Amino acid sequence: MAADVTRQGVSAIDTPSNTIRFILDGERYELANVDPTRTVLQFLREDLGRKGTKEGCAEGDCGACTVVLLELNAEGDDVTLRPVNSCIQFLPTLDGKELLTVESLAREDGLHPVQQAMVDHHGSQCGFCTPGFVMSLFTLYKTNPKPTRREIDDALAGNLCRCTGYRPIVAAAEAMYDAETDTDWLRQPAAQDGRFKPPAVRVDALRDLQREASLQFAAAGRSFFAPLTADELAGLFANHPEATLLAGGTDIGLWVTKQHRELETVIYTGRVAELNESRVTASHIEIGAAVTLADAMEVIVANYPGLYELFWRFASPPIRNAGTLGGNIANGSPIGDSMPALMVLGSSLVLRRGRSRREVSLDDFYLDYQVKDLRAAEFVETVRIPVLSDDVIVGSHKLSKRFDQDISAVCNAYRLELDGETVTAFRMACGGMAATVRRAHNCEAAVTGKPWNEETIDAACKAFARDFEPISDMRASAGYRLRAAQNLLRRFYLESRGELEESVYAYGRS
Ligand SMILES: Cc1cc2nc3c(=O)[nH]c(=O)nc-3n(C[C@H](O)[C@H](O)[C@H](O)COP(=O)(O)OP(=O)(O)OC[C@H]3O[C@@H](n4cnc5c(N)ncnc54)[C@H](O)[C@@H]3O)c2cc1C
Ligand code: FES
Ligand code: FES
């Protein structure tokens, strides 16, 4: 069902809470009667006729639908600029934000420097992927004044091209900074410190969009709620226990676009203040369930650098900008990538239902395939990750067919504590090896208290075979999964002794 669209200019107007409002090309849009599960891509192409943004896969994989969102931080003094996949973003989640599409970039007097570089370096053939590449490169252009090759590759990790090949596109990325620019803020490259600084008028326009009351409406036979506080969320969920809790929508979006599921009541966590906060105390890193993977990754990796590659290879920037840590945990896939690492760290979840809270160890949260220790109307409020001492060695390996944007065949995480050459504590958890992510208890027992040497690792690999009976599927056979997980443990042993590079990526971390 198409939305009723009103363009208002950027001045503030009195808006009822059942109308979503956002900015596009400097104009304020007010939408009433929005189907809660209509996607941003459908709105752009079908309601506005802005057909620059393309639909390829409709599942967040190809990047043809990439758009950019500007969002005000909680303090109201900083704005982020981030690409997302419009094919799986539901339209009401635009509320309070500014949207930029490929049409936002070109001017009558010429192409944007990013677009011009793509032309000059032959970065496009059929052109279907090109608008998505342009929006990812535009983000890089505005946020990184001098990207390394690895940073260019990462910026493009969510964009697939079937005909041009990536070399000319990377050449365009390297050349886009060379253009002469005028004073148009969209055309100016990132400041030297890489901080994104939009003009004050854009920040003010975003401030005008912020709400003091929650957004609630019904349209197309569906209801949508966007509460602002955890108390409000708890109350709403208690009244609507059948509701779908929507966070980043990178799993739920596909329920709608691929499985054609009808979601009658949707409660969006993206506006709940407490769920969007993280803090580090002396004992814990506490991450609100609705903190994006991109933001969660920064704080986790700052404390545990050994998890850098795991998070860097988690999906792609557009997925990490929308998807949340809480969504990954609550979705509970056996191949969810954050959970093995969170498990070895000894993480727990604060679960909330109505006014009551309980804390559950992540080890105990997954009961069986897609069965979690989560009651009706209960939700994940906070993820609590212990802060361990600096001498604890933490690492992780993800094995998938593609380096970027791919689902794990196997994902291992390890935590090692040594007293000299003797292992005082060892934990290992695995994804892709069973119906749920879980610890390798036999393997752990075979290592704890033993010397950290090859003999112990041989014994650990034998014990590991008693921990799991993996399945065969199109991603990997059971035998392959078992052997690969054992070999990755051997790799961790070599890495811990400094005998192997910690990154498998040819360009390393710089
Ligand atoms: C192209 C693509 C690539 C991907 N790559 C990876 C990858 O590399 N590794 C990986 O692990 N995953 C990957 N995913 C899966 C997905 O991105 C993650 O699982 C993500 O973390 C989900 O978070 P979300 O906020 O988008 O969840 P949503 O889709 O909003 O929700 C997922 C589930 O969690 C529930 N939920 C959300 N928040 C809460 C809460 N606070 N309390 C209780 N329940 C809640 C929802 O009701 C729903 O059941 C990928 C997905 C796509 C589309
Ligand atoms: S259409 Fe492929 S990622 Fe959206
Ligand atoms: S130019 Fe054809 S898919 Fe990229």
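Residues numbered from 1 in each chain as written. Chains lettered and ligands numbered in written order. Predicted model: local features only at pLDDT ≥ 70, side-chain atom pairs only at ≥ 80, totals over all residues.

1. Some thoughts on the overall build of the chain
Rule in force here: Secondary structure counts use DSSP, requiring at least four H or I residues in a row for a helix and at least two E residues in a row for a strand, with both numbered from the N terminus. Partly exposed residues are those whose C-beta has more than 12 but fewer than 20 other C-beta atoms within 10 Å; 20 or more makes a residue buried and 12 or fewer makes it exposed, with C-beta atoms placed from the backbone. What counts as a contact here is a pair of residues whose C-beta atoms, placed from the backbone, lie within 7 Å.
Scanning the chain from terminus to terminus reveals 17 helices and 21 strands. Structurally, the chain occupies a C-alpha span of about 70 × 55 × 45 Å along its principal axes. Here the chain, with 510 residues, has 46% of them falling under the buried criterion. At a minimum sequence separation of 6, the contacts of the chain that also span at least 24 residues come to 67%.

2. With respect to the packing of helix 2 (residues 113–120) against helix 3 (residues 130–143)
For clarity, the threshold we go by: Axis geometry follows a simple rule: fit a line to the C-alpha atoms, using only the stretch in contact for helices, then measure angles between N-to-C directions, giving values from 0 to 180 degrees. Angle categories: roughly parallel below 35 degrees, roughly antiparallel above 145, roughly perpendicular from 65 to 115, and oblique for all the rest. Here a crossing is taken to be left-handed if its near helix is turned anticlockwise relative to the far helix by less than a right angle, and right-handed if that turn runs clockwise. Nonpolar residues are Ala, Val, Leu, Ile, Met, Phe, Trp, Tyr, Cys and Pro. Charged residues are Asp, Glu, Lys and Arg, and all others, Gly as well, are polar.
It is at 9 Å that the axes of helix 2 and helix 3 come closest, and there the two elements cross at 125 degrees. One element, helix 2, and the other, helix 3, form an angle in the oblique class. Remark: the crossing between helix 2 and helix 3 carries right-handed chirality. Residues P113, V114, Q115 and M118 of helix 2 form the contact with helix 3, whose participating residues are T130, V134, L137, F138 and Y141. Here the residues of the contact of helix 2 with helix 3 are counted per class, giving 7 nonpolar, 2 polar and no charged.

3. Things to note about helix 9 (residues 293–303)
Under the convention used in this document: Note that the arc is defined by the directions from the helix axis to the C-beta atoms.
If you check which residues of helix 9 are buried, you get L293, A296, M297 and I300. Across the axial projection of helix 9, the buried residues extend over an arc of 100 degrees, all falling on one side. Against strand 11 (278–280), strand 12 (284–288), helix 10 (308–312), helix 11 (317–322), helix 12 (325–331) and strand 17 (379–386) lie the buried residues of helix 9.

4. What to know about the sheet that holds strand 9 (residues 244–246)
Selection rule: A pair of strands is considered paired only if DSSP assigns at least 2 bridges between the two.
A sheet is described by the order of its strands in space; here 4 strands give the open sequence 7-8-10-9, paired in mixed fashion. If you trace the sheet from one side to the other, it starts and ends with strand 7 (215–219) and strand 9, each paired once. Looking at each pair of strands side by side, their axes are set apart by 20 degrees on average, direction ignored. The pairing of strand 9 with strand 10 (residues 265–268) spans 3 bridges and is classified as parallel. Following the sheet pairing, T244 is matched in strand 10 by V266.

5. Topic: the nonpolar core
We apply this condition: Each nonpolar core reported here comprises buried Ala, Val, Leu, Ile, Met, Phe, Trp, Tyr and Cys residues connected via C-beta atoms within 7 Å.
Ranked by internal contacts, the top residues of the largest apolar core, which has 137 residues, are V134, L137, M428, C430 and L489. Counting residues per element, this core draws most heavily on helix 3, which supplies 7 residues. Non-local contacts of V134, meaning those with residues more than four positions away in its chain, are made with V102, L105, V114, Q115 and M118.

6. Side note on the site of ligand 1
Here is the rule: By convention here, the C-beta atom is placed from the backbone, and a residue is near a molecule or strand when that atom is within 6 Å of it.
Around ligand 1 sit 33 residues in total, of which A247, G248, G327, N328 and A330 are the nearest. Among the elements of the structure, strand 9, helix 8 (252–257), helix 11, helix 12 and strand 17 are those that each provide at least two residues to the shell around ligand 1. Looking at the shell around ligand 1 element by element, the count peaks at 5 residues for helix 12. Residues of the shell around ligand 1, tallied by class, amount to 15 nonpolar, 14 polar and 4 charged.

7. Overview of the sheet that holds strand 11
In a beta sheet, neighbouring strands pair by backbone hydrogen bonds and run either parallel or antiparallel. A sheet is described by the order of its strands in space; here 5 strands give the open sequence 11-12-17-13-14, paired in antiparallel fashion. The open sheet is flanked by strand 11 and strand 14 (356–361), the only strands paired with a single partner. Within the sheet, the average angular offset between the axes of one strand and its neighbour, ignoring direction, is 20 degrees. Here 5 bridges tie strand 13 (residues 348–353) to strand 17, and the two strands are oriented antiparallel to one another. By the bridge assignment, S348 is partnered in strand 17 with R384. Contacting strand 11, strand 12 and strand 17, helix 9 runs over the sheet at an angle of about 175 degrees to strand 12.

8. Focus on the domain arrangement of the chain
Threshold: Domain delimitation in this document rests on an assignment produced automatically or drawn from a domain database.
Looking at the assigned domains, one finds that the chain contains domain 1 (1–210), domain 2 (216–268), domain 3 (275–386) and domain 4 (393–496). Centre-to-centre separation of domain 1 and domain 3, based on C-alpha positions: 28 Å. With 13 residues of domain 1 in contact, the opposing surface of domain 3 contributes 8 residues. When residues of the side of domain 1 that touches domain 3 are traced back to their parent elements, those giving at least two are strand 5 (79–85) and helix 4 (149–155).

9. Here we look at the pairing of strand 12
The sheet contact formed by strand 11 and strand 12 spans 3 bridges and is antiparallel. Bridge pairing links S278 to I287 in strand 12. Counting the residues between successive antiparallel strands, the hairpin from strand 11 to strand 12 contains 3 residues. Where strand 12 lies against strand 17, 5 bridges are found, and the strand directions are antiparallel. For I287, the partnering residue across the bridge sits in strand 17 and is V383.

10. Focus on unusual backbone geometry
Here the phi dihedral of A58 falls at roughly 60 degrees; this positive angle occurs in a residue that is not glycine. With 20 C-beta atoms counted inside 10 Å, the residue A58 sits in the buried group. In this model, A377 sits at a positive phi of 65 degrees, which is unusual for a non-glycine residue. Structurally, the position occupied by A377 is in the loop between strand 16 (371–372) and strand 17.

11. Notes on helix 1 (residues 40–47)
For helix 1, the full list of buried residues reads V40, L41, Q42, F43 and L44. Taken together, the buried residues of helix 1 touch strand 4 (66–72). Phi turns positive one or two residues past the end of helix 1, at G49, with a value near 65 degrees.

12. A look at the confidence of the model for the chain
We count it as follows: One number per residue, pLDDT, summarises how confident the predictor is, and it ranges from 0 to 100.
Summing up the model confidence of the chain, the mean pLDDT is 93 and the portion of residues at 70 or higher is 95%. In the model, residues 9–16 has pLDDT below 50 throughout and makes 11 contacts with residues more than four positions away in sequence or in other chains.

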